[in-house]
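Residue-level listing of the chains:
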Amino acid sequence: TTDLSFGNGAADSAFSIFAVLNVTDTAAARTVIAKLTTNPDSEWGFRSAATDVVQFFNVDASVPTAPERDSNAAGSQGAWSTRGVSYDGSGGATSMNGAAIYQNGAVLASTAFNQATYVAMENGAGGVLIGADNSATPTNFFSGSMALVMVVQANLAAARFTDLNQISRSYF
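What comes next is a walk through the structure. What you see is a predicted model, and the numbers here were worked out from it, not measured in a lab.

## With respect to the overall build of the protein
When helices and strands are tallied, the protein shows 1 helix and 11 strands. Since a compact globule built from 172 residues should have a radius of gyration of about 16 Å, the 15 Å found for the protein is in line with a globular shape. Along the first, second and third principal axes, the C-alpha atoms of the protein reach 40 × 35 × 25 Å. Looking at the protein as a whole, 47% of its 172 residues qualify as buried. When the accessible surface of the protein is split by element, carbon and sulfur atoms take 53% of a total near 7,100 Å². Charged side chains of the protein number 7 positive and 13 negative; the gap between the two group centres comes to 9 Å.

The following block contains the structure:
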């Protein structure tokens with residue numbers, strides 16, 4: 001499906017994700033939102049990894065490879081927080097250099113794990129799931145509470161994540 005697809009196999013498009021979460025500390029991956037299924041229909045995902053780092057990744061299903069950006073430290077757990085990621089759509093072997101991870105309106109120190117063979121996401125037929133990945137057989141269920149998840153087709157600047165954090169945190 002072309003819904004929430006940000007690649008055409010040759011080039012990626014910019015997009016950002018923002019969420020208001022209370023993540024439970026567990027020793028498992030906890031997906032916030034993802035457009036994943038079995039290859040060749042996977043595209044992207046945003047989650048807490050089993051190691052508790054905040055993780056964003058894209059999938060080039062034709063290779064297949066999945067570059068990712070991981071926070072250098074564990075994300076907030078056990079309390080309401082905001083998290084987000086911005087991706088500039090740069091694609092290519094250094095695609096994750098164009099991604100940034102945010103928590104509570106501030107950029108989190110993170111590391112890009114680029115893949116030399118990555119070109120771009122592909123417009124796969126997989127559906128988008130909130131709170132799990134793999135639309136064929138859901139896995140990596142989110143543990144905790146979610147109040148808001150949004151995806152926008154733009155590379156949001158750091159100031160926008162600060163604004164979104166201030167607005168949404170006034171409600172909890």
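More follows now that the structure is in view.
## Considering the sheet that holds strand S10 (residues 129–130)
Backbone-to-backbone hydrogen bonds pair the strands of a sheet. The strands run either parallel or antiparallel. Strand order in this open sheet of 6 strands is S9-S5-S4-S3-S2-S10, and the pairing throughout is antiparallel. Both edges of this open sheet fall to strand S9 (110–113) and S10, since each of them pairs with a single strand only. Here 4 bridges tie strand S5 (residues 68–74) to S9, and the two strands are oriented antiparallel to one another. Each residue of the ladder has a partner; that of Asp-70, found in S9, is Thr-111.

## Considerations on the packing of aromatic side chains
A full pass over the atoms with the stated rule returns 8 aromatic pairs. With 6.0 Å between their ring centres and 50° between their planes, Phe-56 and Tyr-87 make a pair best called tilted. Residue Phe-56 is found in strand S4 (residues 53–58), and its partner Tyr-87 is found in strand S6 (residues 81–87); the two are separated by 31 residues along the sequence. Of the two residues, Phe-56 and Tyr-87, both sit in the buried class.

## A short note on the sheet that holds S6
Within the open sheet, the 5 strands sit side by side as S8-S7-S6-S1-S11. Their pairing is antiparallel. Either end of the sheet is taken by a strand with one partner, and the two such strands are strand S8 (106–107) and strand S11 (144–152). With 2 bridges joining them, strand S7 (residues 99–103) and S8 adopt antiparallel strand pairing. Within the sheet, the bridge partner assigned to Gln-103 lies in S8 and is Ala-106.

## Digging into the pattern of salt bridges
In this structure the tally under the stated criterion is 4 salt bridges. Measuring nitrogen to oxygen at the nearest pair gives 3.0 Å for the salt bridge that ties Lys-35 to Glu-43. Here Lys-35 matches Glu-43 in class, with each residue buried.

## Observations concerning the side chain of Ser-86
Relative to the helices and strands, Ser-86 is located in strand S6. If we ignore the near neighbours within four places in the chain, the residues touching Ser-86 are Phe-15, Ser-16, Gly-98, Ala-99, Ala-100, Tyr-102, Asn-155, Leu-156 and Phe-161.

## Remarks on the pairing of S5
With 4 bridges joining them, S4 and S5 adopt antiparallel strand pairing. From the neighbouring strand, Gln-55 faces S5, where its bridge partner is Asp-70.

## Let's talk about a nonpolar patch on the surface
Taken together, the side chains of Trp-80, Ile-167, Tyr-171 and Phe-172 present a nonpolar region at the surface, about 470 Å² in accessible area. Tracing the backbone through its elements, the reader meets Ile-167 in helix H1 (residues 158–169).

Thresholds applied
- Residues numbered from 1 in each chain as written.
- Predicted model: local features only at pLDDT ≥ 70, side-chain atom pairs only at ≥ 80, totals over all residues.
- Heavy atoms only, no water.
- Helix = DSSP H or I, 4+ residues; strand = E, 2+ residues; numbered from the N terminus.
- Rg over C-alpha atoms; globule rule 2.2 N^0.38 Å.
- Buried < 20%, exposed > 50% of the residue type's maximum accessible area, 1.4 Å probe, protein only.
- Areas by Shrake-Rupley, 256 points an atom, 1.4 Å probe, with all protein chains shown as cover.
- Lys, Arg positive; Asp, Glu negative; His and termini not counted.
- Charge placed at Lys NZ, Arg CZ, Asp CG, Glu CD.
- Pairing = 2+ DSSP bridges.
- Phe/Tyr/Trp six-rings, centres within 6.5 Å; stacked < 30°, edge-to-face > 60°.
- Salt bridge = Lys/Arg side-chain N within 4 Å of Asp/Glu carboxyl O.
- Contact = heavy atoms within 4.5 Å.
- Patch = residues over 30% accessible without salt bridge, like charges linked within 9 Å, V, L, I, M, F, W, Y side chains within 5 Å.

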